[in-house]
Amino acid sequence: MTDSSSSSGLRPQMLGKQVDGTVPHSARVWNYWLGGTDNFAADRVLGDQVRAVFPNIVEVARASRAFLGRAVRYLAGEAGIRQFLDVGTGLPTADNTHEVAQRIAPQSRIVYVDNDPLVLVHARALLTSTRRGPPTTSRRMCGTRTRSSGPRRGPWISVNRSH
Ligand SMILES: C[S@@+](CC[C@H](N)C(=O)[O-])C[C@H]1O[C@@H](n2cnc3c(N)ncnc32)[C@H](O)[C@@H]1O
């Protein structure tokens, strides 16, 4: 494709100097496998190449995402949790943690953490929240002190971090 736009209309140059949308990126390839629209031609090419050698990858990605949704639904519903720390967020897609939790309990607070600057750029552009403005996203927020310093510890969500 001569135009490397994503199908959601994002263009590599919109992402700023720190992100090269013409080079495939793991978070956007994951977004492609999930059926998201925030990926570029280069990501789709790599995604298809990986799928050629590991045909189940799309099912793995979607099952993993579905598990995240079930876990958050349970925690926000039956367990009554109202604060979530989502580590290894990835790119926003359908049923992000704050959407699932706030559907059940609108007062839920979610902090997203990802060590990839691309995710932060996308999240600032795409994420919205029901009550408190966009969820906080910071690649710098990590480590035990941060995790345990809140008034009450909530669930520690880490699905598919690579390390
Ligand atoms: C598979 S993707 C996103 C998965 C997403 N949680 C989901 O369920 O769809 C994994 C994400 O984890 C992030 N990640 C990997 N290692 C990390 C680390 N040590 N700390 C924070 N984020 C990390 C990557 O940047 C990537 O965006």
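About the criteria used
Residues numbered from 1 in each chain as written. Predicted model: local features only at pLDDT ≥ 70, side-chain atom pairs only at ≥ 80, totals over all residues. Helix = DSSP H or I, 4+ residues; strand = E, 2+ residues; numbered from the N terminus. Buried ≥ 20, exposed ≤ 12 C-beta atoms within 10 Å, placed from the backbone. Expected span 1.5 Å × (residues − 1). Arc of directions from axis to C-beta. Contact = placed C-beta atoms within 7 Å. Core = buried A, V, L, I, M, F, W, Y, C linked by C-beta atoms within 7 Å. Pairing = 2+ DSSP bridges. Right-handed = clockwise from strand over helix to strand, strands pointing away. Axes fitted to C-alpha atoms, helices over the stretch in contact; angles between N-to-C directions. Left-handed = near helix turned anticlockwise from the far one by under 90°. pLDDT = per-residue confidence, 0-100. Parallel < 35°, antiparallel > 145°, perpendicular 65-115°, else oblique. Nonpolar A, V, L, I, M, F, W, Y, C, P; charged D, E, K, R; others polar.

As recorded in an unreviewed UniProt entry, the protein goes by the name S-adenosyl methyltransferase, listed as coming from Plantactinospora soyae.

A. Molecular detail of the overall build of the protein. Within the protein one finds 6 helices and 4 strands. Seen in sequence order, the protein has helices and strands lined up from the N terminus as α-α-α-β-α-β-α-β-α-β. For the protein, the proportion of its 163 residues judged to be buried stands at 31%.

B. Representation of helix α3 (residues 57-76). Over its 20 residues, α3 runs 29 Å from end to end, which matches the ideal 28 Å to within 8%, given 1.5 Å per residue. The set of residues buried in α3 consists of A61, R65, L68, V72, L75 and A76. Angularly, the buried residues of α3 cover 95 degrees about the axis, an arc narrow enough to put them on a single face. Exposed side chains of α3 directed beyond 90 degrees from the buried face belong to E59, V60, A63, A66, F67 and R70. Tucked into the core, α3 has its buried residues touching α1 (26-33), β1 (83-87) and α4 (97-104).

C. Looking closely at the nonpolar core. Judged by nonpolar contacts, the single largest core of 17 residues is most densely connected at V72 and A101. If we skip the residues at most four places from it in the chain, V72 touches F84, T97, V100 and A101. Within the second largest apolar cluster, 5 residues are counted, among which are V29, Y32, W33 and A61.

D. Quick peek at the pairing of β1. Bridge analysis of β1 against strand β2 (residues 109-113) gives 5 bridges, and the strand direction is parallel. The partner of D86 across the bridge, within β2, is Y112.

E. Main features of the pairing of β2. Of all the 5 residues making up β2, 4 are buried; the element is thus mostly covered by neighbouring parts of the structure. Crossover connection from β1 via α4 to parallel β2: handedness right-handed.

F. Main features of the packing of α3 against α4. Taken N-terminus to C-terminus, the directions of α3 and α4 make an angle of 30 degrees; their axes are 9 Å apart at the nearest point. Remark: the crossing between α3 and α4 carries right-handed chirality. Residues G69, V72, R73 and A76 of α3 touch α4, and the partners they reach there are T97, V100, A101 and I104.

G. Seen up close, the confidence of the model for the protein. In this model, the protein carries an average pLDDT of 77, and 64% of its residues clear a pLDDT of 70 or more. Looking across the protein, the model is least confident in helix α6 (residues 144-148), with a mean pLDDT of 37, and most confident in helix α2 (residues 41-53), with 97. Counted against residues more than four places away or in other chains, residues 137-151, with its pLDDT under 50, gives 20 contacts.

H. Seen up close, the packing of α1 against α2. Viewed as axis vectors pointing N to C, α1 and α2 meet at an angle of 70 degrees, and their least axial separation amounts to 9 Å. The pairing of α1 with α2 is recorded here as roughly perpendicular in orientation. For the pair α1 and α2, the sense of crossing is right-handed. In contact with R28, V29, Y32 and W33 of α1, α2 contributes D43, R44, L46 and G47. Along the lines of polarity and charge, the residues of the contact of α1 with α2 split into 4 nonpolar, 1 polar and 3 charged.

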